[in-house]
Amino acid sequence: PDVLKGVNFSVAFGEVFSLLGGNGSGKSTLLKVIAGLERAYRGKITVLGRSIKKWDASLCCGGVALLPQEVSAVFVKHTVKEDMEDLCRAQGLAAQPKIDELCAQMGIEDLLDREPMDLSGGERQKCALCKLLLTSPRLILLDEPTKGMDAAYRSGLVKTVRGLAQKGAAVIIATHDTGFAAAVSDRCGLFFNGELLSVCSPRRFFSATRFYTTAASRITRDYLPCAVTVQQAVTESETLIASGTKKESSGQTP
């Protein structure tokens, strides 16, 4: 059976869009089709204003970057630094200034002389993302970027992705991490039966269901029905408590 059928959506520059759904629903396949690694036999795919069929290798420089689930595939050299320098040479980029800037941003300066396969999962993920960003992509595709990562890495990745969007990049994320999607996305969509359904804001997307939602929403929805991230729950709880305190001080029953 077809993996993708009836998929119809667009993502604007400066927007973060998260694809959610079960295993095997087609999220990774859709990202590969957008990146030109797989080819749809029907339908139209336009990337950066041009049909995907009209792109050549230039799609990879200043165009589209895909971070796959298995990030080991991104590395081809003996050290992280060699990998990055090799990519810069291949694309005619000024290597050292950009490498230094991105490595400082991702906090991986001490990993540059390490063998990629000797790194931990989180370290490898950061280095792979840094390598992809060297091409200054305008469309960034991230496939399960928080898989196996701790809360500190997720929080840092939210800031990194939002920063990329603020600089004008379009970001599409395939993920099972509902908390990450709620914190980082402008819009979310549910991938089911080859189609993209229920495309809307994270608040509306995650507060509309009790099953496919965030931990923060499950815990607080009886009191704060629209809080879907930890930060929203904290902020709205403080507002609720402050409102109750004012009523108490005015003699009203809170």
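Refer to the structure presented above.
Criteria and thresholds
- Residues numbered from 1 in each chain as written.
- Predicted model: local features only at pLDDT ≥ 70, side-chain atom pairs only at ≥ 80, totals over all residues.
- Heavy atoms only, no water.
- Helix = DSSP H or I, 4+ residues; strand = E, 2+ residues; numbered from the N terminus.
- Buried < 20%, exposed > 50% of the residue type's maximum accessible area, 1.4 Å probe, protein only.
- Pairing = 2+ DSSP bridges.
- 1 Å grid on protein atoms, 1.4 Å probe; cavity = no way out; pocket = protein on both sides within 12 Å on 5 of 7 lines; lining within 4 Å.
- Points joined across faces, edges and corners; volume = space filled by probe spheres on them.
- Nonpolar A, V, L, I, M, F, W, Y, C, P; charged D, E, K, R; others polar.
- Salt bridge = Lys/Arg side-chain N within 4 Å of Asp/Glu carboxyl O.
- Contact = heavy atoms within 4.5 Å.
- Core = buried A, V, L, I, M, F, W, Y, C linked by side-chain atoms within 4.5 Å.

Visitor: Help me understand unusual backbone geometry in this model?
Guide: It is generally the case that most residues other than glycine have a negative phi and that most peptide bonds are trans. Unlike most non-glycine residues, Ser136 shows phi in positive territory, near 50°. Here Ser136 shows up in the loop between helix H4 (121–133) and strand S5 (139–143). Accessibility expressed as a relative area gives 39% for Ser136, which makes it partly exposed.

Visitor: I keep staring at the pairing of strand S8 (residues 195–200) and nothing clicks. Help me out?
Guide: On any regular strand, side chains alternate: one points to one face of the sheet, the next to the other face. In this sheet, S8 lies alongside strand S7 (residues 187–192) in antiparallel orientation, the contact comprising four bridges. The residue bridging Phe192 from the neighbouring strand is Glu195, located in S8.

Visitor: Got a minute to help me understand the layout of surface pockets in this structure?
Guide: A water-sized probe, rolled over the atoms, reveals where empty space remains. Counted as a void, the largest pocket has a volume near 840 Å³. Lining the largest pocket we find 29 residues, and of these Leu30, Val33, Ile34, Lys44 and Ile45 sit closest to its centre. Elements with a contribution of two residues or more to the lining of the largest pocket: helix H1 (27–35), strand S2 (46–47) and strand S6 (170–174). Ranked by residue count, the leading element in the lining of the largest pocket is H1, at four residues. Among the residues making up the lining of the largest pocket, the classes are represented as 17 nonpolar, six polar and six charged.

Visitor: Got a minute to help me understand the pattern of salt bridges in this structure?
Guide: Pairs can form between side chains of opposite charge once their charged atoms are near each other. A full pass over the atoms with the stated rule returns six salt bridges. Taking the shortest distance from any N to any O, the salt bridge between Lys131 and Asp83 comes out at 2.6 Å. Here Asp83 lies in helix H2 (residues 80–91) and Lys131 lies in helix H4, a separation of 48 residues in the sequence. Considered together, Lys131 and Asp83 belong to a single accessibility category, that of buried residues. Residue Asp186 is joined to Arg162 by a salt bridge in which the shortest nitrogen-to-oxygen separation is 3.1 Å. Taken together, the positions of Asp186 in the loop between helix H6 (178–184) and S7 and Arg162 in helix H5 (residues 151–166) put the pair 24 residues apart, joining distant regions of the chain.

Visitor: Explain the pairing of S5 here, please?
Guide: Taking burial as the measure, the five residues of S5 include five buried ones, the bulk of the element. Both faces of S5 are covered, namely the face carrying Leu139, Leu141 and Asp143 and the face carrying Ile140 and Leu142. Direction of pairing for strand S4 (residues 64–67) relative to S5: parallel, over a ladder of four bridges. By the bridge assignment for S5, Ala65 is matched with Ile140. Sheet analysis places S5 next to S6, joined by five bridges and oriented parallel. Looking at the pairing, Leu142 lines up with Ile173 of S6.

Visitor: Looking at this structure, how should I read H1?
Guide: Each turn of an α-helix holds 3.6 residues, which means side chains three or four residues apart point in the same direction. Every buried residue belonging to H1 is among Lys27, Leu30, Leu31, Val33, Ile34 and Ala35, and all of these are buried. Those residues of H1 that are buried are in contact with strand S1 (16–20), S2, S4, S5, S6 and S7.

Visitor: Help me out: how do you make sense of the environment of Val234 in this one?
Guide: The residue Val234 is located in helix H9 (residues 230–249) in this model. Between the C-alpha atom of Val234 and that of Thr220, which follows or precedes it by 14 residues, the distance is 10.0 Å.

Visitor: Which parts of the structure should I look at to understand the nonpolar core?
Guide: Taken as a class, soluble globular proteins show a tendency for nonpolar side chains to be buried jointly. In terms of nonpolar packing, the biggest core is built from 39 residues, with Met84, Ile108, Leu142, Val161 and Ile173 touching the most fellow members. If sequence neighbours within four positions are ignored, Val161 has contacts with Val16, Leu142, Val171, Ile173 and Val184. Ranked by size, the runner-up nonpolar core spans 18 residues in total, among them Leu30, Ile52, Trp55 and Leu141.

Shape is all these values report; function is a separate question.
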